[in-house]
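Chain by chain, the residues:
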Amino acid sequence: MEYPYYPGCTLKTTGKKDEEAALEVAKLLEFELKELPTWTCCGVVYNLTSDVMADHLSATRTLIRAQEMGRELKTNKLVTLCSMCYNVLKQVNLMYKKNPDKLNNINLFMDTEEDYLGNVEIMHFLEVLYKDIGLEKIKEKVKTPLTNLKVDPYYGCMLLRPKNIAFDDQDAPHVMGDILSALGAKVIENPMTVECCGAHQIITNKEAVLDCVQRIVKTSQSKGADVIVTPCPLCQYNLTTGQKSLFEKGKINHQTPVIYLSELLIISLSDNNENYLKDYKFIKDKLEERGG
Amino acid sequence: MLAEKNQIPLVSVFIMGKEYKVPSGLTLMKAMEYAGYRYTRGAGCRAGFCGACATIYRLKDDYKLKSALACQTTVDDGMYLVQLPFTPANKKKYDMEKLNIAHNALLKEYPEIARCISCNSCTKVCPQELKVMDYVQASLRGDIEKAAILSFDCVQCGLCAFRCPAEITQYHVGQLARRLNGKFVAPKAIHTEEAVAKLNNGVSKKEISKLKILKLAEIKDLYKKRVTE
């Protein structure tokens, strides 16, 4: 199966590791993510002002690119890796489904593009793994079970809020935990899993982000997590840099590594995981120490 | 008039709102000269390479404002036009020796690229038919090579900056991308370095000193007899 794939800017810059790992995971699970030949920024934030259409242009162009590639690949799906892109693209798409007149307006404005017909289905990578590939297949493909590795799956907000874009239970999401269990990991239940990491406040109000990170990480540590995994590049960035600051300020005793779910998948599914185990020696140590 | 004698049909053009009859088939630039304007600025190569003659025009009964290089487009009956000889856009001063190709290298010099809403106005206005929006987007995500390749044929006319609702100066961003690409990404032109080194070592010194003492007629004669590939 081939999926049209939209990386988004972050996956090409600060989130490169996630993309590299996810593309490899797809191969291991026998599907392919085909990057759209041209794409623009997703728009970063979904504008809630109902009459400002210009801010939806970016996302709409990407939906049209997906529509074009979808014809070729015979699918209406578009896969994202970044939670923020997922959120924006899906909200814009739903807005058009609800308001065909707005879709018509934007199509009239974009007179150099083919019309967007409103049929693309936005899926996050995690959703593809869970719904299209399935836990059974993932279980079958496990090469290195993550036995006794205590993993805290951290969702953040962008995959789950608002309710109409969520593909998992909004208050008690389980998809990531189910996948981690399939890999043999011990899943930590962190009540802060759907709390915000502080998101773009990192640019203007770092203290606000540190507050968020402290609450999330302290709970995770009290539950004994070896590692926090997240599907979101911004969460990964905030939780990692936030912990560094908190540690320097003496507000936390140690820093819990925060890695992408895709990286943990590689460690478990690939024969060729030495590079990852070299980077994340603590995982190797834990697996050996606990007889994994 | 010459054109009337030769029976070339005349068309009406409105230059800054005033009507002139000019022979059909003229370029916008020649039409302006025919109408009596004299270029002291805003005309350079007259061959579509320099970008000095950015022009905004509108066709009869059309609501769209279009753009072109005055030396590359011919007049149409009922055309309204004005030329924009210069774009007073901000151009950052930077020291190439101090720059790098980190993913935010272009964003640092031109942070306004983050305001791009992908409206595509820049692409639509570009007389070189470049994918301007795409190279701005490539710049935004630090793909310097792609930004350099997509903006390669830019003639720096500045029309994109006029149209941009996000106040980006696309053509300067593209220029920086090309400079960074040339310095850090593209393969080095080793043959040029070797040729320069040879010159510095005096490889052509003898021939040049011979030429220096020749008379003009002798040089002309030599030129005519030169061997070309």
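For the structure itself, consult the block above.
Enquirer: Tell me what's going on with the packing of helix 5 (residues 132-140) of chain B against helix 8 (residues 170-185) of chain B, and back it up with residues and numbers.
Expert: All names here are of chain B. Between helix 5 and helix 8, the least distance of the axes is 10 Å, while the angle of their chain directions is 55°. Looking at the two axes, helix 5 sits oblique to helix 8. Here helix 5 runs over helix 8; the crossing is left-handed. Residues Val132, Tyr135, Val136 and Ser139 of helix 5 lie in contact with helix 8, whose contacting residues are Gln170, Tyr171, Val173 and Gly174. A per-class count over the contact of helix 5 with helix 8 returns five nonpolar, three polar and no charged.

Enquirer: Run through the interface of chain B and chain A, naming residues and quoting values.
Expert: Taken together, the 13 residues of chain B in the interface contact 17 residues of chain A. When the two sides are added together, the surface that chain B and chain A hide from each other amounts to roughly 1300 Å², 53% of it contributed by carbon and sulfur. Counting the contacts that link chain B with chain A gives two salt bridges. The tally of links between chain B and chain A comes to nine residue pairs in polar contact (both at pLDDT 80 or more). Its residues assigned to classes, the side of chain B that touches chain A shows four nonpolar, four polar and five charged.

Enquirer: I'd like to hear about the sheet that holds strand 8 (residues 258-260) of chain A, residue by residue, with values.
Expert: Residue and element names in this part refer to chain A. Read from one edge to the other, the open sheet built from four strands follows the order 6-5-7-8, with strand pairing classed as parallel. Every other strand in the sheet has two partners, leaving strand 6 (186-187) and strand 8 as the edge strands with one partner each. Bridge count for strand 5 (residues 150-153) against strand 7 (residues 227-230) is three bridges, and the pairing is parallel. Looking at strand 7, one finds that Val151 is bridged to Val227.

Enquirer: Account for a nonpolar patch on the surface, with residues named and values stated.
Expert: Taken together, the side chains of Leu211, Leu214, Ile219 and Leu222 of chain B present a nonpolar region at the surface, about 300 Å² in accessible area. Here Ile219 of chain B is to be found in helix 11 (residues 216-224).

Enquirer: Please give an account of the sheet that holds strand 1 (residues 2-6) of chain A that cites residues and values.
Expert: Residues and elements named next belong to chain A. Spatially, four strands are ordered 2-1-3-4 in an open sheet, and the strand pairing comes out parallel. Every interior strand has two partners, whereas the edge strands, strand 2 (32-35) and strand 4 (121-124), have only one. Taken pair by pair, the neighbouring strands of this sheet meet at an average axis angle of 45°, ignoring direction. By the bridge criterion, four bridges tie strand 1 to strand 2 in an arrangement that is parallel. Within the sheet, the bridge partner assigned to Pro4 lies in strand 2 and is Lys34. Running at roughly 165° to strand 1, helix 3 (residues 57-73) makes contact with strand 1, strand 2, strand 3 (77-80) and strand 4 of the sheet.

Enquirer: Which residues make up unusual backbone geometry, and what values go with them?
Expert: Residues and elements named next belong to chain A. Residue Arg161 is joined to Pro162 through a cis peptide bond whose omega torsion reads -5°. By secondary structure assignment, the location of Pro162 is in the loop between strand 5 and helix 8 (175-182). At Val44, a residue that is not glycine, the phi angle is positive and equals roughly 70°. Given the relative accessible area of 35%, Val44 is considered partly exposed. Despite not being glycine, Asn148 has its phi angle at roughly 65°, a positive value.

Enquirer: Go over the pattern of salt bridges, please, and point to the residues and values.
Expert: On inspection of all chains with the given rule, the structure shows 27 salt bridges over all chains. Here Asp132 of chain A makes a salt bridge to Lys77 of chain A, at a shortest N to O gap of 2.9 Å. Of this pair, Asp132 of chain A sits in helix 6 (residues 125-133) while Lys77 of chain A sits in strand 3; the two residues are 55 residues apart in sequence, bridging distant segments of the chain. Notably, a salt bridge pairs Glu97 of chain B with Lys183 of chain B, separated by 3.6 Å at the nearest N-O pair. Of this pair, Glu97 of chain B sits in the loop between strand 5 (79-83) and helix 3 (105-109) while Lys183 of chain B sits in helix 8, placing them 86 residues apart in sequence. Using a relative accessible area of 63% as the deciding quantity, one classes Glu97 of chain B as exposed. Judged by relative accessible area, Lys183 of chain B falls into the partly exposed class, the value being 30%. Each of the salt bridges in this network shares a partner with another, and the network as a whole consists of Arg61, Arg65, Glu68 and Glu113 of chain A.

Enquirer: Kindly report on the state of the cysteines, identifying the contributing residues and their values.
Expert: Cysteine pairs can be covalently joined through their sulfur atoms, and such a bond is termed a disulfide. Taken as a whole and assessed by the stated rule, the structure comprises zero disulfides over all chains. In this structure Cys212 of chain A is not part of a disulfide, and its nearest cysteine sulfur, from Cys196 of chain A, lies 5.4 Å away. Cys122 of chain B provides the cysteine sulfur closest to Cys119 of chain B, a residue in no disulfide bond, and the two sulfurs are 6.3 Å apart.

Enquirer: Tell me about the environment of Asp285 of chain A, and please be specific about residues and values.
Expert: Summarising the element assignment, Asp285 of chain A is placed in helix 14 (residues 281-289). Taking C-alpha positions, Asp285 of chain A is 27 Å from Lys27 of chain A, a pair spaced 258 residues apart along the chain.

Enquirer: Outline the packing of aromatic side chains, supporting the account with residue identities and numerical values.
Expert: Enumeration according to the criterion identifies eight aromatic pairs over all chains in this entry. A ring pair is formed by Phe14 of chain B and Tyr80 of chain B, whose centres lie 4.3 Å apart and whose planes are at 10°; its orientation type is stacked. One end of the pair, Phe14 of chain B, is in strand 1 (residues 10-15); the other, Tyr80 of chain B, is in strand 5, with 66 residues separating them in the sequence. We classify Phe14 of chain B as buried; its relative accessible area is 17%. Members of the aromatic cluster, each reached through a chain of ring pairs, are Tyr3, Phe31 and Phe125 of chain A. Looking at Arg141 of chain B, its charged tip hangs above the ring of Trp39 of chain A, at a distance of 3.5 Å from the centre.

Cut-off values and rules
- Counting from 1, residues in each chain are numbered in the order their sequence is written.
- Think of it this way: whatever chain is written first is A, whatever ligand is written first is 1, and the rest follow in order.
- In view of the model being predicted, local features appear only for residues whose pLDDT reaches at least 70, and side-chain atom pairs are presented and counted only at 80 or more, with totals across whole chains, interfaces and linings using the full set of residues.
- Excluded from the side-chain calculations are hydrogens and water; all other atoms, namely the structure's heavy atoms, are used.
- Here, axes are lines fitted to C-alpha atoms. For helices the fit covers the stretch in contact, and angles between N-to-C directions go from 0 to 180 degrees.
- Under the DSSP-based scheme used, a helix requires at least four consecutive residues in state H or I and a strand at least two consecutive residues in state E, with every element numbered from the N terminus.
- Small angles under 35 degrees read as roughly parallel and large ones over 145 as roughly antiparallel, with 65 to 115 read as roughly perpendicular and the rest as oblique.
- Crossing handedness is read from the near helix: turned anticlockwise from the far helix by less than a right angle, it gives a left-handed crossing, and turned clockwise, a right-handed one.
- Pairs of residues are marked as contacts when any of their non-hydrogen atoms sit within 4.5 Å.
- In this count, Pro and Cys sit with the nonpolar residues alongside Ala, Val, Leu, Ile, Met, Phe, Trp and Tyr, while Asp, Glu, Lys and Arg are called charged and the others, Gly among them, polar.
- Buried area counts how much accessible surface, traced with a 1.4 Å probe, disappears from two parts once they are put together, with both parts' losses summed.
- The rule for a salt bridge is simple: a side-chain nitrogen of Lys or Arg has to be within 4 Å of a carboxyl oxygen of Asp or Glu.
- Here a polar contact means two N or O atoms within 3.5 Å. Within protein one must be a hydrogen donor candidate and the other an acceptor candidate, and residues neighboring in sequence count only if both atoms are side-chain atoms.
- Think of it this way: DSSP has to see at least two bridges between two strands before they count as a pair.
- Patch membership requires over 30% relative accessible area and the absence of a salt bridge. Like charges are linked within 9 Å, and nonpolar side chains (Val, Leu, Ile, Met, Phe, Trp, Tyr) within 5 Å.
- The method behind every accessible area is Shrake-Rupley, applied with a 1.4 Å probe, and residues are considered shielded solely by the protein chains displayed.
- Three exposure classes are used, based on accessible area relative to the maximum for each residue type with a 1.4 Å probe and protein chains only: buried under 20%, partly exposed in between, and exposed over 50%.
- Pairs of cysteine sulfur atoms within 2.5 Å are what we label disulfides.
- Whether two aromatic rings pair depends on their centres lying within 6.5 Å, for rings of Phe, Tyr and Trp, where Trp uses its six-membered ring; planes under 30 degrees apart make the pair stacked, over 60 edge-to-face, and the rest tilted.
- Put simply, a charge is over a ring when the Lys NZ or the Arg CZ is close to the ring centre, within 6 Å, and near the line of the ring normal, within 35 degrees.

Any link to function would need more than the numbers given here.
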